[in-house]
Amino acid sequence: MQSTLKAREPQVQAASLSERIPLWIYRLMALLAGMALFFPPANPGRVSEKINEAASLFTTAVSRGTITNSMGRILRSQWIQDADITLLMIACAVVMLGVLACGAGACMSLGNTAMRKKGLLPSLLGGPVMAVGLFLIRLTYNRMLAHGTEVDKLDRIGIMLPGGFWVYCAFAGLLFLSALIALFTMDKDTHGQNRMEMDEKYKLFLMMLPVILLSFIFAYLPIWGWRYAFFDYKPGGTLSADNFVGFKWFGSLFNDPATVRDLLRVLRNTLIMSGLGIATSWLPIAFAVLLAEVRSTKFQRVVQTLTTIPNFISWVLVYAIAICIFSTDGFLNSFLTNVMHQTGANTNYLQIADHTWLKMLLWGTWKGIGWSAIIYIAGIAGIDQQLYEAARVDGANRFRCIWHITIPGLMPTYMVMLLMSIAGILSNGMEQYLVFENAMNKDVIEVLDLYVYHIGIGSNQIPLSTVVGISKSLVGVTLLFAANGISKAIRGESII
Amino acid sequence: MSKKEKNAAQHIKRSTGDWIFDIAVIILFTLFTFICIFPFYYLLINTISDNDLVTSGRVNFIPLLKAAEGGTVFGMQFNNYIALQNVQDLGSAITVTVLRTIIGTALMVITSAWAGYLVTKQKMWKRSFWYRFLVITMYFNAGLVPWYMNMLMMGLTDNFLAYIIPGMVAPYNIILVKTYIESIPASLEESAIIDGASTTKVWMKIIVPLSIPILATIAIFGAVGNWNSFQDSLLLMNNRPDLYTLQHRLYIYLNSSSNLGAMMSQGGTISEQAAASMLNQRVIQYTVSMVSIIPILLVYPFMQRYFVKGIMLGAVKG
């Protein structure tokens, strides 16, 4: 069996240093060129100022709408011809194709000699293909320039050759050059091993690569958006040296009276609501402990099932339910009128701002307690029954059993939950507060997440809301590490 | 000691105090369960009763219809559900939500199964680094506006793909799958490798079939999440009302104080009777709410054991 295993291990010859250096340069370049596909400032296809600044090379190649969404008049009057836009998209697609070829070559360069040799083909081709695409972009540029001069609207269509064009020229050149060097320095002797093989470790890595890239694009790339915090940016505007303001917006968190007032109010709401949540975080334990005291397992199961349902409906639906119970023509009022024969019961309880924090806590508890209790119910089931037996022999009643066995047994889980909720004290999400918000309770319901939404998306103060978001993220990470540190110190276990 | 024996042991010495305590606990739980369930029931009876009676607040505990002699009688009608076809934009919202629930969940499950398997492979180049690279994203995000700007940059605003692609990599689910796969005996996988199966083949023929329980769990979580999704629709689909999700649509209905004309599309083939039955805006809101709750209530009882399994696995992550 050993020998079979050995025979299947691919025998990859170690490459010499002179061979490896150009390959590493090549892989690095291919990676950068690949990432730049999604990076708007490096878009070589932005040949007009009217093309969306937020469009990356990838977007330019695939989405006509993104290119043209701020060109209404220009296109209608044919200052830029439709054909030129099509040409631009084709050109960008060709550049992308070249980058993809280089990527394939870079992946293959991780294999054995036979594979590396084959991989040289796409590697060598990739650069020239990119060059063809860049040439087509240049052609588009020339055509647009000529047409713009013809209709005398150059100032309106803002034709330019973007910086990304030269970036990609450099990529194409360097990629071709390093592939060429690799061609000459490569040890072409395959030692009779003509099948393409790759080390298991690189194979697995390449299989993982798509997932890593997706994660990078949607979870790490947004950090690039933090740059808006340093500019006087207005939607549709541009970022340039002219509107660079350094830490002005960070300063305004402390200096600008209106912002400070808002922030203090919002922070108060956030901390109070999170604080109430933490103060009642023992409720699920009580729920689980009491439920475990019920003798009928059927009753336990039914209660557990039915109380978990609210957790699986969205906050919008919770709000719909709130309307059907508490609004003017809701259950409560019609119950008071028709069953209790009270007259004039037509209060819209949702419009009353009193006790908003408490109400939000109650809605959260209603929705979440059954679900949160599940983990403790399972925890109770996991406690050694012999402990209870021994305690009972020693004369403990059930309350002493709960106090000295069940609750200590649940404490480790509770500590983790508690630390996590302390780490997330600034993030109570926005959905619940967004749906319950109205003109009456606006001041007391707005939490930090909702505030960021209101100023950022609602009133387009992008830099300010970015700054608030950054501060919140940084505080959140600090709190998380602190909680983790505490957990390590007390329990010798990390929680993340 | 089994549960029964434990009960029997307790049974021997139950004092009056114990009895009172037990009864109090049962009453407490019955009350709370009632509070959890009654709103759903109330919503339901309001959509299947006579709409005039609903408007006058007569429907409180059982569905009622008008009796011939002017009183009320127990009964139900489903005209409100039939009339929903005339509610503006509801059809597209349901289509979009169903599509994203199916496609988005399927892709998320495949990605999680794939990534969850690969991160168990010790041989992978820089394995632990890449694993952390994925997991860290659970605890950190760049903030709402940078995220929005990123989606804008990707061309994922006003685009159905925005519902699908960003949700594909779900780090928490990857952890769940990884933890589960690690509990599968390694010998199964090894023997397949010795027989010459490739990584992909091992994944398809051995890992995926053995991981069905955990894949079902994350599929259900994912499907519920997709069905309930509201925020991405609210933030990203500003110029494409036809791509609003069901929850977003419902949110708009709940907040619309305008007259019914705005909600009901003009014309159509709907019968007079059904149209008349929709004259109450509240009833429209209730009925749409019911429509978006029903799938969850239908799926829920069958799936509960998976939910519980999921949260338990999550507790022992690593």
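Residues numbered from 1 in each chain as written. Chains lettered and ligands numbered in written order. Predicted model: local features only at pLDDT ≥ 70, side-chain atom pairs only at ≥ 80, totals over all residues.

A look at the overall build of chain B
When its secondary structure is counted, chain B shows 17 helices and 2 strands. In chain B, which comprises 318 residues, the proportion classed as buried is 38%. In chain B, of all internal contacts separated by at least 6 residues, the share reaching a separation of at least 24 is 72%. (Helix = DSSP H or I, 4+ residues; strand = E, 2+ residues; numbered from the N terminus. Buried ≥ 20, exposed ≤ 12 C-beta atoms within 10 Å, placed from the backbone. Contact = placed C-beta atoms within 7 Å.)

Side note on the overall build of chain A
Counting its regular elements, chain A contains 23 helices and 0 strands. The C-alpha radius of gyration computed for chain A amounts to 32 Å, which surpasses the reference 23 Å derived for 496 residues by more than 25%, pointing to a less compact arrangement than a globule. For chain A, the C-alpha atoms occupy an extent of roughly 85 × 75 × 45 Å along the three principal directions. (Rg over C-alpha atoms; globule rule 2.2 N^0.38 Å.)

Digging into the packing of helix H14 (residues 297-308) of chain A against helix H17 (residues 356-381) of chain A
Residues and elements named next belong to chain A. Running from amino to carboxyl end, H14 crosses H17 at an angle of 135°, the nearest separation of the two axes being 7 Å. As far as their axial angle goes, H17 and H14 are oblique. Here H14 runs over H17; the crossing is left-handed. In this structure, H14 uses Gln-304, Thr-307 and Thr-308 to contact H17, whose residues at the interface are Ile-369, Gly-370, Trp-371, Ile-374 and Ile-377. Of the residues assigned to the contact of H14 with H17, the class counts are 4 nonpolar, 4 polar and no charged. (Axes fitted to C-alpha atoms, helices over the stretch in contact; angles between N-to-C directions. Parallel < 35°, antiparallel > 145°, perpendicular 65-115°, else oblique. Left-handed = near helix turned anticlockwise from the far one by under 90°. Nonpolar A, V, L, I, M, F, W, Y, C, P; charged D, E, K, R; others polar.)

What about the confidence of the model for chain B?
Residue and element names in this part refer to chain B. On average, residues of chain B score 84 in pLDDT, and 85% of them reach the 70 mark or higher. Here helix H15 (residues 260-263) stands out as the least confident element of chain B, with mean pLDDT 44; helix H5 (residues 90-118) is the most confident, with 96. Counting contacts from residues 258-263, a segment whose pLDDT is below 50, to residues more than four positions away or on other chains yields 8 contacts. Contacts of residues 265-278 to residues separated by more than four positions or lying in other chains number 22 contacts, the stretch itself having pLDDT below 50. Scored as a whole, the predicted complex attains pTM 0.87, and scored at its interfaces, ipTM 0.88. (pLDDT = per-residue confidence, 0-100.)

Notes on the domain arrangement of chain B
When cut into domains, chain B gives domain 1 (3-77) and domain 2 (90-242 + 293-315). Domain 1 of chain B and domain 2 of chain B are separated by 37 Å when their C-alpha centres are compared. (Domains from an automatic or database assignment.)

With respect to the nonpolar core
By size, the foremost hydrophobic cluster in this structure holds 170 residues, and its most contacted members are Val-95, Leu-175 and Val-316 of chain A. At 13 residues, the largest contribution of residues to this core is made by helix H6 (residues 82-108) of chain A. Ignoring sequence-local partners within four residues, the contact set of Val-95 of chain A consists of Pro-44, Leu-57, Met-130, Gly-133, Leu-134 and Tyr-168 of chain A. Formed by 15 residues, the second largest nonpolar core is a distinct cluster that contains Ile-285, Tyr-376 and Ile-380 of chain A together with Phe-29 of chain B. (Core = buried A, V, L, I, M, F, W, Y, C linked by C-beta atoms within 7 Å.)

Here we look at the packing of helix H7 (residues 113-151) of chain A against helix H9 (residues 163-185) of chain A
Residue and element names in this part refer to chain A. Running from amino to carboxyl end, H7 crosses H9 at an angle of 155°, the nearest separation of the two axes being 9 Å. By the angle class used here, H7 and H9 are roughly antiparallel. Between H7 and H9 lies a crossing of left-handed hand. From H7, Leu-120, Ser-123, Leu-124, Gly-126, Gly-127, Pro-128, Met-130, Ala-131, Leu-134 and Ile-137 reach across to H9, where they touch Phe-165, Tyr-168, Cys-169, Phe-171, Ala-172, Leu-175, Phe-176, Ala-179, Ala-182 and Leu-183. Counted by class, the contact of H7 with H9 contains 17 nonpolar, 3 polar and no charged residues.

Focus on helix H9 (residues 171-182) of chain B
Spanning 12 residues, H9 of chain B covers 16 Å between terminal C-alpha atoms, matching the ideal 16 Å at 1.5 Å per step. Every buried residue belonging to H9 of chain B is among Asn-173, Ile-174, Ile-175, Leu-176, Val-177, Lys-178, Tyr-180 and Ile-181 of chain B, and all of these are buried. (Expected span 1.5 Å × (residues − 1).)

Observations concerning the interface of chain B and chain A
Contact with chain B, which involves 73 residues of that partner, is made by 84 residues of chain A. For the side of chain B that touches chain A, the secondary-structure elements that each account for two or more residues are helix H1 (3-12), helix H2 (16-48), H5, helix H6 (127-136), helix H7 (144-153), helix H13 (231-236), helix H14 (246-255) and helix H17 (281-315) of chain B. For the side of chain B that touches chain A, the leading source of residues is H17 of chain B, giving 14 residues. Among the residues forming the side of chain B that touches chain A, the class breakdown is 48 nonpolar, 19 polar and 6 charged.

Observations regarding the environment of Trp-224 of chain A
Mapped onto the secondary structure, Trp-224 of chain A falls in the loop between helix H10 (200-220) and helix H11 (248-255). Each C-alpha atom, one on Trp-224 of chain A and one on Leu-290 of chain A, is 50 Å from the other, the two residues being 66 residues apart in sequence.

What about unusual backbone geometry?
All names here are of chain A. Despite not being glycine, His-341 has its phi angle at roughly 55°, a positive value. Along the chain, His-341 turns up in the loop between helix H16 (331-338) and H17. Of the residues examined, His-341 has 8 C-beta atoms within 10 Å and is grouped as exposed. Notably, Asn-460 is not glycine yet its phi reads approximately 60°, a positive angle. Position of Asn-460 among the secondary structure elements: in the loop between helix H22 (448-458) and helix H23 (462-491).

What to know about the domain arrangement of chain A
On domain assignment, one finds that chain A holds domain 1 (10-198) and domain 2 (250-315 + 348-491). Taking only C-alpha atoms into account, the centre of domain 1 of chain A sits 49 Å from that of domain 2 of chain A.

A look at helix H13 (residues 283-293) of chain A
Here H13 of chain A has its buried residues at Pro-284, Ile-285, Phe-287, Ala-288, Val-289, Leu-291 and Glu-293 of chain A. Against H14, H17 and helix H19 (398-423) of chain A together with H2 of chain B lie the buried residues of H13 of chain A.

Looking at the environment of Ala-42 of chain A
All names here are of chain A. Along the polypeptide, Ala-42 turns up in the loop between helix H2 (17-36) and helix H3 (57-62). Here Ala-42 falls in the buried class, since 22 other C-beta atoms lie within 10 Å of it. Separated by 121 residues in the primary sequence, Ala-42 and Gly-163 place their C-alpha atoms 6.8 Å from one another. In this structure Ala-42 touches Ala-36, Gly-164 and Val-167, once residues within four positions along its chain are discounted.

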